[in-house]
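# Residue-level structural notes
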Amino acid sequence: MNKFMKRVMPLVVASASVVAIASCGPNTPEKTTVTFWTNFYRDNQVQWMDEKEAEFEALYPQYDVVWEKSGDYPDIQASIEQVKNTPTRLPSLAVCYPDYVYQWLNDGIVMNFDDFMDNSEYGFGKTYDADGNVVDDPTTKKEDLSYLSDGQGFQKEGTYSMPFARTSEVMYYNATKFEEKGYEVPTNWSDLIDLARQMRADFPDLYTEENKGNAGEGAVAPIGYDSYDNMVITFAKMMNIELSSNVDKNNDGTLTKEEAVLFNNDKMAKMIEMIKGWYDEGLITISTTLVHAEPYDHWIDEPFETEQSLVVLNSTTGSGWIEEDTFVPGIAAMPAIDDKILKGEVVTATTASVMSQGPSVCMFDKGDEENKGAWLLYKFLTNTTNNAVLSENYGAAPIRATSYEEENIKAILNTKESTPESGDFSDEQAYMLGQIYNVYGEYTENNQGFIAPVSQFSSSVRDSVGTVLFEVLKSNLTGEELTNFIKTTLQTAYDNI
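The following refers to the structure shown. These figures come from a predicted structure and were not determined experimentally.

### Re the overall build of the protein
Broken down by element type, the protein carries 17 helices and 14 strands. By the burial criterion, 57% of the 497 residues in the protein qualify as buried. In the protein, once contacts between residues fewer than 6 apart in sequence are set aside, the share between residues at least 24 apart is 73%. As presented, the protein carries roughly 20,700 Å² of accessible surface, and 46% of it is formed by carbon and sulfur atoms.

Structure representation (structure tokens):
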């Protein structure tokens, strides 16, 4: 039994095939179309969804599935915003972030999953047999599902999004270079920053005075962090810095900006200034977007693959891009930080808080029959077997504990390390996924995952703090001018929400 299963919940035995999951219910004269807007883009994800579409339609011939590659999360959000006032143009299901759901709930267009989950005929743990009778379905039990609470806690009681897979952030490191130099894998940011300084000393030809900080496209640093808004939010969580809230302190039934948007404070300013110091020292770059003219010209995996950055902090979905045949990539838990570091002291925290990220799925109000089909499609895509393959394609954690007992997941967990000497990197991605699953086991055991407070302001807060860090790192100011600039930039970001 793997480490995750030991830590999360007792084993529930999975059924042998998707045929046992469901069979079609009573046929209807006309087929109902179920649409699903996804952020799938990799070939294996597209192939998987095409296969699941055909399997689902064979099980439920009364439904036609139309799924679309709809871009990344912001693209899907923008598309929903464009059509939300025309319900016929809304999809049945869409991949989403909790921030988006909050707004769509205010708009009255998303469905509460509670009645679907608990339905006595087709809810979790139930399905139809070949004769249309309701039978137990052990592959979709509610008790086997993790992360359900991520879709709750909105302004209305209920469950307004469902987990699809779960990603988080991990630390990728160049295990070959670490072994050559005898580096220890850091567990906190004090040690990580000290290690970055050591790396600059050990590789003077790579890390020069001319190519650090705002040196343009040639800038490199030992540490890379892909999502700079995630960095601010995660640091704030661990350092007890006020960022945002969804608590109606006045108890007047309305969440005001003053109650919800809290990042404009002195402690946040000190944290931003600390990161700016690391950046100017050439220790860290907050994704390569910061050293190119246009956002997302490049991604943090590129300097890692070329062995310029020897440590990168990135989503587990990044494992699909972070792979090379010249060195072994290692994967470890995110390093911890606390507010002692702001006082020049050593971090004593031992476990990091890590963001519990999507993908989640929400359902739009499309009428009883289409909503039922959408629910059945969601339940089918996230059963024990299908979720195991989906998680592999996403580079994500399965949302069902029983998925860890599927053969593909067990094979991943047993994958041996490839080395440059062996010349065989055919299983490198599987080896990296195995490490990711073990890190998820640590996160779950230590209850390290968190979601930033969700409100009508939360999406703006995320964008604003990321923009503040971006603007500060691009500046060439120092000393009192830098301090004043940070405070002014925070104030401006607050005023613009």
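Read on for the rest.
### Comments concerning the sheet that holds strand 2 (residues 63–69)
Taking strand neighbours across the sheet as the criterion, the five strands line up as 2-1-3-13-6 in an open arrangement whose pairing is mixed. On the outer flanks of this sheet lie strand 2 and strand 6 (162–163), each paired with one strand and no other. Packed on one face of the sheet, helix 2 (residues 43–59) meets strand 1 (32–38) and strand 2 and runs near 170 degrees to strand 2. Each of strand 3 (93–96) and strand 13 (360–363) is contacted by helix 4 (residues 98–107), which is oriented at about 130 degrees to strand 3, the strand it contacts most.

### So, the sheet that holds strand 10 (residues 311–315)
Strand order in the open sheet formed by five strands is 9-8-10-7-11, with mixed pairing between adjacent strands. Pairing within the sheet leaves two strands with one partner each, and these edge strands are strand 9 (284–285) and strand 11 (329–332). Across four bridges, strand 7 (residues 169–174) lies against strand 11 in antiparallel orientation. When the sheet's bridge partners are listed, Tyr 173 is paired in strand 11 with Gly 330. The strands touched by helix 8 (residues 228–238) are strand 7, strand 8 (223–225) and strand 9; relative to strand 8, the strand with the most contacts, the crossing angle is about 95 degrees.

### A short note on the pairing of strand 2
Taken together, the seven bridges between strand 1 and strand 2 define a ladder with parallel strand orientation. For Trp 37, the partnering residue across the bridge sits in strand 2 and is Glu 68. Handedness of the crossover joining strand 1 and strand 2 through helix 2 is recorded here as right-handed.

### A short note on the pattern of salt bridges
Note that side chains of opposite charge can pair when their charged atoms are close. This model, assessed by the stated rule, comprises 17 salt bridges. Of the charged contacts, one joins Lys 31 and Asp 64 as a salt bridge, the two residues approaching to 4.0 Å between their closest N and O atoms. With a gap of 33 residues between them, Lys 31 in the loop between helix 1 (3–8) and strand 1 and Asp 64 in strand 2 connect regions that are remote in the sequence. Since its relative accessible area comes to 29%, Asp 64 is described here as partly exposed. With a closest N to O distance of 3.1 Å, Lys 142 and Asp 118 form a salt bridge. Note that Lys 142 is positioned in the loop between strand 5 (134–136) and strand 6 and Asp 118 in the loop between helix 5 (114–117) and strand 4 (126–128), a separation of 24 residues in sequence. One connected set of salt bridges, linked through shared partners, spans Glu 81, Lys 84 and Asp 107.

### Some remarks on the packing of aromatic side chains
Under the defined criterion, the tally for this structure stands at 28 aromatic pairs. Here Phe 56 and Phe 380 contribute two aromatic rings whose centre-to-centre distance is 5.8 Å and whose plane-to-plane angle is 50 degrees, an arrangement assigned as tilted. With Phe 56 in helix 2 and Phe 380 in helix 12 (residues 368–381), this residue pair connects regions lying 324 residues apart in the sequence. We note that Phe 56, like Phe 380, is buried. Relative to Tyr 63, the ring of Tyr 60 lies with its centre 6.5 Å away and its plane at 55 degrees, an arrangement referred to as tilted. Taken individually, Tyr 60 and Tyr 63 each receive the classification buried, so the pair is uniform in this respect. Through a chain of ring-to-ring contacts, three or more aromatic side chains come together here, namely Phe 36, Phe 40, Trp 48, Trp 67, Phe 164 and Tyr 394. Positioned above the aromatic ring of Phe 203 is the side chain of Lys 181, whose terminal nitrogen or guanidinium carbon lies 5.1 Å from the ring centre. Positioned over the ring face of Tyr 494 is Lys 257, at 4.3 Å from the centre of the ring.

### Points about the pairing of strand 7
Most of strand 7 sits inside the fold, with six of its six residues counted as buried. A two-sided burial pattern is seen for strand 7, the buried positions comprising Glu 169, Met 171 and Tyr 173 on one face and Val 170, Tyr 172 and Asn 174 on the other.

### Here we look at the nonpolar core
One finds Trp 189, Met 231, Phe 235, Phe 263, Met 268, Trp 278 and Ile 337 to be the most contacted residues of the largest nonpolar core, which totals 90 residues. Aside from chain neighbours lying at most four places away, what touches Trp 278 is Trp 189, Ile 193, Met 231, Phe 235, Leu 283, Ile 284, Ile 337 and Ile 341. Val 83, Val 95, Phe 113 and Tyr 122 belong to the second-largest nonpolar core, a separate cluster that totals 59 residues.

### A few points about the environment of Ile 193
Examined against the element boundaries, Ile 193 turns out to sit in helix 7 (residues 189–202). Sequence-wise, Ile 193 and Trp 278 are 85 residues apart; in three dimensions their C-alpha atoms are separated by 8.0 Å. Setting aside its immediate chain neighbours within four residues, Ile 193 contacts Ile 223, Trp 278 and Leu 283.

### Topic: the side chain of Ser 190
Along the chain, Ser 190 falls in helix 7. Here Ser 190 falls in the buried class, since its relative accessible area comes to 10%. Excluding its chain neighbours within four sequence positions, the residues that come into contact with Ser 190 are Ile 341, Glu 345, Val 346 and Val 347.

### What to know about the packing of helix 16 (residues 458–474) against helix 17 (residues 479–495)
Two elements in contact, helix 16 and helix 17, have axes separated by 10 Å at closest approach and are oriented at 155 degrees. Judged on the interaxial angle alone, helix 17 and helix 16 are roughly antiparallel. Relative to helix 17, helix 16 is oriented so that their crossing is right-handed. Each of Ser 464, Val 468, Glu 471 and Val 472 in helix 16 lies in contact with helix 17, whose residues at this interface are Leu 482, Phe 485, Ile 486, Thr 489, Leu 490 and Ala 493. Residue classes in the contact of helix 16 with helix 17 are distributed as seven nonpolar, two polar and one charged.

Calculation criteria
Residues numbered from 1 in each chain as written. Predicted model: local features only at pLDDT ≥ 70, side-chain atom pairs only at ≥ 80, totals over all residues. Heavy atoms only, no water. Helix = DSSP H or I, 4+ residues; strand = E, 2+ residues; numbered from the N terminus. Buried < 20%, exposed > 50% of the residue type's maximum accessible area, 1.4 Å probe, protein only. Contact = heavy atoms within 4.5 Å. Areas by Shrake-Rupley, 256 points an atom, 1.4 Å probe, with all protein chains shown as cover. Pairing = 2+ DSSP bridges. Axes fitted to C-alpha atoms, helices over the stretch in contact; angles between N-to-C directions. Right-handed = clockwise from strand over helix to strand, strands pointing away. Salt bridge = Lys/Arg side-chain N within 4 Å of Asp/Glu carboxyl O. Phe/Tyr/Trp six-rings, centres within 6.5 Å; stacked < 30°, edge-to-face > 60°. Lys NZ or Arg CZ within 6 Å of the ring centre and 35° of its normal. Core = buried A, V, L, I, M, F, W, Y, C linked by side-chain atoms within 4.5 Å. Parallel < 35°, antiparallel > 145°, perpendicular 65-115°, else oblique. Left-handed = near helix turned anticlockwise from the far one by under 90°. Nonpolar A, V, L, I, M, F, W, Y, C, P; charged D, E, K, R; others polar.

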